Amino acid sequence: MTTGPDRALIAALADATGGHVATDVPLAPLSRWRIGGLARIYVEPSSAEEAAAVMAIMHGRPEPLFLMGDSSNTLFDSAGFDGVVVRIGRRMANMRLEGAQAWAQAGIWVPRFARRIGCSGLTGIEHTIGIPGTLGGLILMNGGSQRKGIGLNVVSVRCADSEGRLFELTHSECGFAYRSSTLQGQRTAILEARLEFERGDSAAIRREMLGILRSRRLKFPQKLPNCGSTFLSDPKMYSSVGPPGQALESAGLKGLRRGDAQISPMHANFIVNHGNASSSDVLWLIAHARNLVEQRTGYAMDCEVRHLAPDGALRPAHEPALHLFANQ
Ligand SMILES: Cc1cc2nc3c(=O)[nH]c(=O)nc-3n(C[C@H](O)[C@H](O)[C@H](O)COP(=O)(O)OP(=O)(O)OC[C@H]3O[C@@H](n4cnc5c(N)ncnc54)[C@H](O)[C@@H]3O)c2cc1C
């Protein structure tokens, strides 16, 4: 039931977003892993200004806030989220081309963005064609593939801070490094970005993107819900043991199942959901796999995937996993 303070908050959020607010929203159907309980409040802004207004409303309030893109790097908890999910997604997915540059809202789906850029004869982000997240999530993580990151093409990013003030960061202010940026770990909403490309040959770009998609289809599980790579690659471990997938496979972990969660028989760094997996099934597999690989190799792998706790704590998933299942 919606309580008094919630009613005032919901009214303010509805006012800021043209009514795009809901309560007790099941997260599982919205999540890439198809896992998650109810979110107390869910709000979807449609512009930088609306998102900034939401941030201003939430400033100083006790409820935790989670900025969600497509959840392709997030494990929601089966117990739900007792706070406000701000979705920068489908309602903020416009883009336009301006010569060799593109302006886009942060909620645009990355494969759609990459296809549009490639089809316009612009080259540089073919490597992102198979990454099922939003542009905002990708920028935050400096995500990419083939040893590249989206940051290479970012000119500037427009954000709102925790008080709802709009500001712009230049490429160098974003501090892009391997799978990281200065935007991480802050209550900052990424709202829009400007990216720059080189001119290329559309047919060659298309061939490259199709090749990337084909090789991902052969390597990665596509049929069952998953969150991509569970563990991060560590350069030291890579040179002596190999990437996480290889370390997990050598430890005999491929196919290991807990409830409806399973270490993919196709690629050991992916955990798939056969239907009714819970967040604790996934966390158990993470703790077990991490401990076994550490015993065998001496390397403790950290998670790329983050777990959102009901109280709003957002941590790499191995941290809550080890806390819950220390001795697995
Ligand atoms: C099948 C599969 C394959 C994948 N392959 C790759 C790959 O090859 N390379 C790669 O780098 N990643 C890969 N990923 C991981 C994931 O797609 C990326 O990390 C993606 O960039 C996350 O975007 P998202 O919108 O889904 O983020 P979410 O999971 O929704 O959020 C991730 C983090 O970003 C924050 N965030 C999201 N949007 C915003 C915003 N607008 N403003 C501020 N913070 C925000 C969230 O708060 C959270 O901390 C893969 C995932 C899957 C499911």
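Now for a look at the structure at hand. Every value quoted in this text rests on a predicted model; they were computed, and no experiment measured them.

Looking only at helices and strands, the protein has nine helices and 17 strands in total. Taken against the 2.2 N^0.38 rule, which gives 20 Å for 328 residues, the C-alpha radius of gyration of the protein at 20 Å falls within 12% of a compact globule. Expressed along its principal axes, the backbone C-alpha trace of the protein runs to roughly 55 × 55 × 30 Å. With 328 residues in all, the protein has 52% of them scored as buried. Contacts spanning at least 24 positions in sequence make up 63% of the contacts within the protein whose residues lie at least 6 apart.

Time to look at the pattern of salt bridges. A full pass over the atoms with the stated rule returns 17 salt bridges. Among the ionic pairs, arginine 40 bridges to aspartate 82, the shortest N-O distance being 2.9 Å. A residue pair is termed long-range when its members are at least 10 positions apart, and arginine 40 in strand S2 (residues 38-43) and aspartate 82 in strand S5 (residues 81-87) qualify at 42 residues. Of the residues examined, aspartate 82 reaches a relative accessible area of 41% and is grouped as partly exposed. Measuring nitrogen to oxygen at the nearest pair gives 2.7 Å for the salt bridge that ties arginine 96 to glutamate 98. Look at glutamate 98 and you get partly exposed, because its relative accessible area is 33%. What emerges from the salt-bridge pattern is a single network uniting Asp6, Arg40, Arg61, Glu63 and Asp82.

Among the nonpolar cores identified, the biggest contains 52 residues, and Phe113, Leu135 and Ile139 are the most heavily contacted of them. For this core, the leading source of residues is helix H2 (residues 48-58), giving six residues. Both domains that meet at this core, namely domain 1 (4-89) and domain 2 (93-218), each give it at least three residues. If you look at the next biggest cluster of nonpolar residues, it comprises 29 residues, including Cys227, Ala251, Trp284 and Ala287.

Of note, glycine 69 is situated in the loop between strand S3 (65-68) and strand S4 (74-76). Separated by 26 residues in the primary sequence, glycine 69 and methionine 95 place their C-alpha atoms 16 Å from one another. With sequence-adjacent residues up to four places away left out, glycine 69 is seen in contact with Arg87, Ile88 and Thr134.

Spatial ordering of the open sheet is given by S6-S7-S11-S9-S10, a layout of five strands whose pairing is antiparallel. In the strand order of this sheet, the two ends are held by strand S6 (95-98) and strand S10 (166-170), each with one partner. On average, adjacent strands in this sheet sit at an angle of 15° to one another, irrespective of strand direction. Pairing of S6 with strand S7 (residues 101-105), which is carried by four bridges, proceeds in the antiparallel orientation. For leucine 97, the partnering residue across the bridge sits in S7 and is alanine 102. Together, S6, S7 and strand S11 (189-196) form the strand contacts of helix H3 (residues 110-119), whose direction differs from that of S6 by roughly 25°.

Quick notes on the rules
- Residues numbered from 1 in each chain as written.
- Predicted model: local features only at pLDDT ≥ 70, side-chain atom pairs only at ≥ 80, totals over all residues.
- Heavy atoms only, no water.
- Helix = DSSP H or I, 4+ residues; strand = E, 2+ residues; numbered from the N terminus.
- Rg over C-alpha atoms; globule rule 2.2 N^0.38 Å.
- Buried < 20%, exposed > 50% of the residue type's maximum accessible area, 1.4 Å probe, protein only.
- Contact = heavy atoms within 4.5 Å.
- Salt bridge = Lys/Arg side-chain N within 4 Å of Asp/Glu carboxyl O.
- Core = buried A, V, L, I, M, F, W, Y, C linked by side-chain atoms within 4.5 Å.
- Domains from an automatic or database assignment.
- Pairing = 2+ DSSP bridges.
- Axes fitted to C-alpha atoms, helices over the stretch in contact; angles between N-to-C directions.

Honestly, it's all geometry; don't read function into it.
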